[in-house]
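Listed below, chain by chain, are the residues.
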Amino acid sequence: METIKIWPGWEMKEQVGEGDLGRVFRIERTDAGIARAAALKVIGISGDPGEIKKFRKMGMDEESILEIYEDRKDQLLKAAVRLSCLGTANGIVSIEDIDSFWDEDS
């Protein structure tokens with residue numbers, strides 16, 4: 001598949017799941033001859049064209065619309081950080097790293 005641009009060295013192998021919040025991929029990396037595998041959940045906050053059109057009809061400018069999506073991103077990051085503090089309690093999968101970026105291709 002492809003190298004993950006925000007986590008160099010990791011390579012996406014295959015999509016293993018999809019749900020309301022995003023897609024899950026099996027990823028791999030080799031360090032010092034030792035292969036490691038992990039899961040990567042990609043959560044997209046897409047700018048639905050209908051929603052953006054509604055915001056524009058309400059008189060919002062591009063900066064105000066962008067602030068809405070920034071706020072959504074920040075809320076998701078905070079939730080992920082809270083989950084990471086729980087460790088593997090109650091069947092929660094451990095979170096090893098969290099990051100975000102704007103996908104210029106979308």
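A quick note: this is a predicted structure, and the numbers were derived from the prediction, not measured. (Residues numbered from 1 in each chain as written. Predicted model: local features only at pLDDT ≥ 70, side-chain atom pairs only at ≥ 80, totals over all residues. Heavy atoms only, no water.)

Relative to the elements of secondary structure, Glu-51 occurs in helix α1 (residues 49-57). Relative accessible area serves as the criterion here: at 18%, Glu-51 is assigned to the buried category. Of the polar contacts made by the side chain of Glu-51, one reaches the side chain of Tyr-69; its length is 2.6 Å. Look past the residues within four positions of Glu-51 in its chain and what remains in contact with it is Tyr-69 and Arg-72. (Helix = DSSP H or I, 4+ residues; strand = E, 2+ residues; numbered from the N terminus. Buried < 20%, exposed > 50% of the residue type's maximum accessible area, 1.4 Å probe, protein only. Polar contact = N/O pair within 3.5 Å; in protein donor to acceptor, adjacent residues only side chain to side chain. Contact = heavy atoms within 4.5 Å.)

On to the pattern of salt bridges. Enumeration according to the criterion identifies nine salt bridges in this entry. Ionic pairing is found between Glu-28 and Lys-13, a salt bridge with its closest N-O pair at 4.0 Å. Of this pair, Glu-28 sits in strand β2 (residues 23-31) while Lys-13 sits in strand β1 (residues 11-18), placing them 15 residues apart in sequence. As a salt-bridge pair, Glu-14 and Arg-26 come within 3.0 Å of each other at their nearest N and O atoms. (Salt bridge = Lys/Arg side-chain N within 4 Å of Asp/Glu carboxyl O.)

Okay, the packing of α1 against helix α2 (residues 62-85) next. Viewed as axis vectors pointing N to C, α1 and α2 meet at an angle of 130°, and their least axial separation amounts to 10 Å. In terms of orientation, α1 lies oblique with respect to α2. α1 and α2 meet at a crossing whose hand is right-handed. Of the residues in α2, those in contact with Glu-51, Ile-52, Phe-55 and Arg-56 of α1 are Glu-62, Ile-65, Ile-68, Tyr-69 and Arg-72. Considered class by class, the residues forming the contact of α1 with α2 number five nonpolar, no polar and four charged. (Axes fitted to C-alpha atoms, helices over the stretch in contact; angles between N-to-C directions. Parallel < 35°, antiparallel > 145°, perpendicular 65-115°, else oblique. Left-handed = near helix turned anticlockwise from the far one by under 90°. Nonpolar A, V, L, I, M, F, W, Y, C, P; charged D, E, K, R; others polar.)

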